[in-house]
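# Notes for the structure review
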Amino acid sequence: IGTEQQFSVTITANLDDLSADQTILGHTQGSDASNRVEIGTSESGSVFTCSTFDGSNILSTSTTSADSIRQRIGVRHDGNTDTIDIFINGTEVSDGTVRTSLAGTSGFRVGANAGGFNNAAGVLDNLIIYNHLLSDTEFTDDYNNQPWS
């Protein structure tokens, strides 16, 4: 992601199941990985979370999509206001304040957390990283233009 303070990410997660902790996207700062943000699923199923590991959980939301295994996930991060928004299948489902910067030149992971654990079981596909903030409409268009074959 580099040093961008404003960026958006979209990714398709076609997970084998939602019954385990699985990291879809994450970012780490510092050699001890204590300052990190992860977006993924939790053991309770059909729950997507955005968590910081400086001791506080910032976002947690449920989705009731009929296709709970395959999701188009979007993240919008505004470093100027320290906010993050999560979109699932083109709809904003959660927003909040980030307690750690997501910008940086190292530590960005797809499919595993900072320690290499909680790997995503399934297929992660069509990852797009934008160096600007997508609008709500652009997240919806991104979802609607996916080849859901």
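Quick look at the structure, then.

Rules of the game
Residues numbered from 1 in each chain as written. Predicted model: local features only at pLDDT ≥ 70, side-chain atom pairs only at ≥ 80, totals over all residues. Heavy atoms only, no water. Helix = DSSP H or I, 4+ residues; strand = E, 2+ residues; numbered from the N terminus. Buried < 20%, exposed > 50% of the residue type's maximum accessible area, 1.4 Å probe, protein only. Polar contact = N/O pair within 3.5 Å; in protein donor to acceptor, adjacent residues only side chain to side chain. Contact = heavy atoms within 4.5 Å. Salt bridge = Lys/Arg side-chain N within 4 Å of Asp/Glu carboxyl O. Core = buried A, V, L, I, M, F, W, Y, C linked by side-chain atoms within 4.5 Å. Pairing = 2+ DSSP bridges.

### Observations concerning unusual backbone geometry
- With phi around 50°, Asn89 is a residue other than glycine that occupies positive phi space.
- If you trace the backbone, Asn89 turns up in the loop between β7 (83–88) and β8 (91–97).
- Residues other than glycine seldom take positive phi values, yet Asn126 does so here, at roughly 55°.
- Inspection of the secondary structure puts Asn126 in strand β10 (residues 122–130).
- Using a relative accessible area of 31% as the deciding quantity, one classes Asn126 as partly exposed.

### With respect to the side chain of Ser8
- Mapped onto the secondary structure, Ser8 falls in strand β1 (residues 6–15).
- Owing to a relative accessible area of 0%, Ser8 belongs among the buried residues under this scheme.
- There is a polar contact of 2.8 Å between the side chain of Ser8 and the backbone nitrogen of Leu134.
- Each residue touching Ser8, except ones within four places of it in the same chain, is listed here: Val75, Arg76, Ile128, Ile129, Tyr130, His132, Leu133, Leu134 and Phe139.

### Observations regarding the pattern of salt bridges
- What the rule picks out here adds up to four salt bridges.
- With its nearest N and O atoms 2.7 Å apart, the salt bridge here joins Arg72 to Asp142. Here Arg72, found in strand β6 (residues 70–78), pairs with Asp142, found in helix α1 (residues 136–144); they are 70 residues apart in sequence, far enough to count as distant.
- Look at Arg72 and you get buried, because its relative accessible area is 2%.

### Observations regarding the nonpolar core
- Counting 12 residues, the largest nonpolar core is built from Phe7, Val9, Ile11, Ala13, Leu15, Ile24, Leu25, Ile39, Ile73, Val75, Ile84 and Ala120.
- Breaking this core down by element, the ones donating at least two residues are β1, β2 (22–29) and β6.
- Counting residues per element, this core draws most heavily on β1, which supplies five residues.
- Those residues in contact with Leu15 that sit more than four places away from it in its chain are Gln22, Ile24, Thr41, Ile69, Ala120, Ala121, Gly122 and Leu124.

### Re the side chain of Gln22
- Here Gln22 shows up in strand β2.
- Looking at Gln22, its side chain comes within polar contact range of the main-chain nitrogen of Ala121, at 2.6 Å.
- When neighbours within four sequence positions are excluded, Gln22 is seen to be in contact with Leu15, Asp17, Gly40, Thr41, Asn118, Asn119, Ala120 and Ala121.

### Brief notes about the pairing of β1
- Most of β1 is tucked away: eight of the 10 residues are buried.
- By the bridge criterion, nine bridges tie β1 to β6 in an arrangement that is antiparallel. Across the sheet, residue Ala13 finds its bridge partner in β6, namely Gln71.
- Of the pairings in the sheet, the one linking β1 to β10 comprises seven bridges and is antiparallel in character. The residue bridging Thr12 from the neighbouring strand is Asp125, located in β10.

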